[in-house]
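In case you want the letters, here they are:
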Amino acid sequence: MSRGAQRSTRQLTDQQLAQQNQLISQSNQQGTQDRSLLLPTIQSLLTSSGYTPAEQSAITQQSMGAANTAFDALRERAANRAAATNDTAAAPELTAQLGREQAQTLASQAQQNQIAFANQRTKDQLAGLNALGQTYGIDTNLLGHAMGVPAQLLGVRQRASSGSSTGGLGGLFGVGSSIASLFG
């Protein structure tokens, strides 16, 4: 190859390299910009304390209200039956039984709510880890271990995100469908 051809080849190669470096630089700048916009949200998820007190209150009111409404309807039906048959002797026993069942139902619902509240924090942190991993290509299992999140939970969250999980939170915790819809 002649010196002129070599010089021309080097110039074309240098031009191509300069264009590629410029495109890489632009891409890096855009990536840095995108990450700077995402980081506050990711940080918020990583440090999440779960549902706010107002959200917890709304969830509790909705779930307890639904249970109370069902038992109020049962009490009214029992009172109507007693009035229709003029048999008020069984009413106190029936009312006491309904009260016991209502207390058990409300206690169970309160427990399910508390489990959901506690797990929301972990769910948010896992979402933050997932976003961080996707943003930077970081091994989320390693980060999870550093934060004390078991690897099994990371896998559950990943499957849930991809839609291959069955049941969601409602299936995991036995929460009724009306409550589960709040968490889906």
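Residues numbered from 1 in each chain as written. Predicted model: local features only at pLDDT ≥ 70, side-chain atom pairs only at ≥ 80, totals over all residues. Heavy atoms only, no water.

Each helix and strand in the chain was counted, giving seven helices and zero strands. In sequence order, the chain lays out its α and β elements as α-α-α-α-α-α-α. Across the 184 residues of the chain, 21% fall into the buried class. Sequence-distant contacts, at least 24 apart, represent 77% of the contacts inside the chain between residues at least 6 apart. Carbon together with sulfur atoms contributes 53% to the accessible area of the chain, which is approximately 12,400 Å² in total. (Helix = DSSP H or I, 4+ residues; strand = E, 2+ residues; numbered from the N terminus. Buried < 20%, exposed > 50% of the residue type's maximum accessible area, 1.4 Å probe, protein only. Contact = heavy atoms within 4.5 Å. Areas by Shrake-Rupley, 256 points an atom, 1.4 Å probe, with all protein chains shown as cover.)

This part is about the packing of aromatic side chains. On inspection of all chains with the given rule, the structure shows one aromatic pair. Measuring from ring centre to ring centre gives 5.9 Å for Tyr51 and Phe117, while their planes differ by 80°; the resulting arrangement is edge-to-face. With Tyr51 in the loop between helix H1 (3–46) and helix H2 (53–85) and Phe117 in helix H3 (residues 91–136), this pair connects stretches of sequence that are 66 residues apart. Accessibility classification places Tyr51 together with Phe117 in one group, the buried group. (Phe/Tyr/Trp six-rings, centres within 6.5 Å; stacked < 30°, edge-to-face > 60°.)

Turning to the side chain of Ser63, a few remarks are in order. For Ser63, the position within the fold is in helix H2. Taking relative accessible area as the criterion, Ser63 reaches 2% and is therefore assigned buried. From its side chain, Ser63 meets the backbone oxygen of Thr60 in a polar contact 3.2 Å long. (Polar contact = N/O pair within 3.5 Å; in protein donor to acceptor, adjacent residues only side chain to side chain.)

By size, the foremost hydrophobic cluster in this structure holds five residues: Ile42, Leu46, Leu126, Leu129 and Leu132. Elements with a minimum of two residues in this core: H1 and H3. Among the elements that make up this core, the one with the highest residue count is H3 (three residues). (Core = buried A, V, L, I, M, F, W, Y, C linked by side-chain atoms within 4.5 Å.)

Okay, the pattern of salt bridges next. Any two side chains of opposite charge can pair if their charged atoms end up close together. On inspection of all chains with the given rule, the structure shows one salt bridge. Where Arg75 meets Asp72, a salt bridge forms, and the shortest distance between an N and an O atom there is 3.8 Å. In this pair, Arg75 and Asp72 are both assigned in helix H2, three residues apart and thus about one turn of the helix distant. The exposure class of Arg75 is partly exposed, given its relative accessible area of 26%. (Salt bridge = Lys/Arg side-chain N within 4 Å of Asp/Glu carboxyl O.)

For the rest of this paragraph, the subject is the packing of H1 against H3. Any two packed helices are characterised by how steeply their axes cross, that is the angle between the axes, and by the distance between the axes. For the pair H1 and H3, interaxial distance at closest approach is 7 Å and the crossing angle is 155°. Between H1 and H3, the crossing angle belongs to the class labelled roughly antiparallel. Note that H1 runs across H3; the crossing there is left-handed. Residue-level inspection shows Arg35, Leu38, Leu39, Ile42, Leu45 and Leu46 of H1 in contact with H3, the latter providing Asp124, Gln125, Ala127, Gly128, Leu129, Ala131, Leu132, Thr135 and Tyr136. Grouping the amino acids of the contact of H1 with H3 by side-chain chemistry returns 10 nonpolar, three polar and two charged. (Axes fitted to C-alpha atoms, helices over the stretch in contact; angles between N-to-C directions. Parallel < 35°, antiparallel > 145°, perpendicular 65-115°, else oblique. Left-handed = near helix turned anticlockwise from the far one by under 90°. Nonpolar A, V, L, I, M, F, W, Y, C, P; charged D, E, K, R; others polar.)

Bringing the confidence of the model for the chain into the picture now. Summarising the model, the chain shows a mean pLDDT of 76, and 74% of its residues fall at 70 or more. pLDDT under 50 marks residues 164–184. Its contacts with residues more than four places away, or in other chains, come to 26 contacts. (pLDDT = per-residue confidence, 0-100.)

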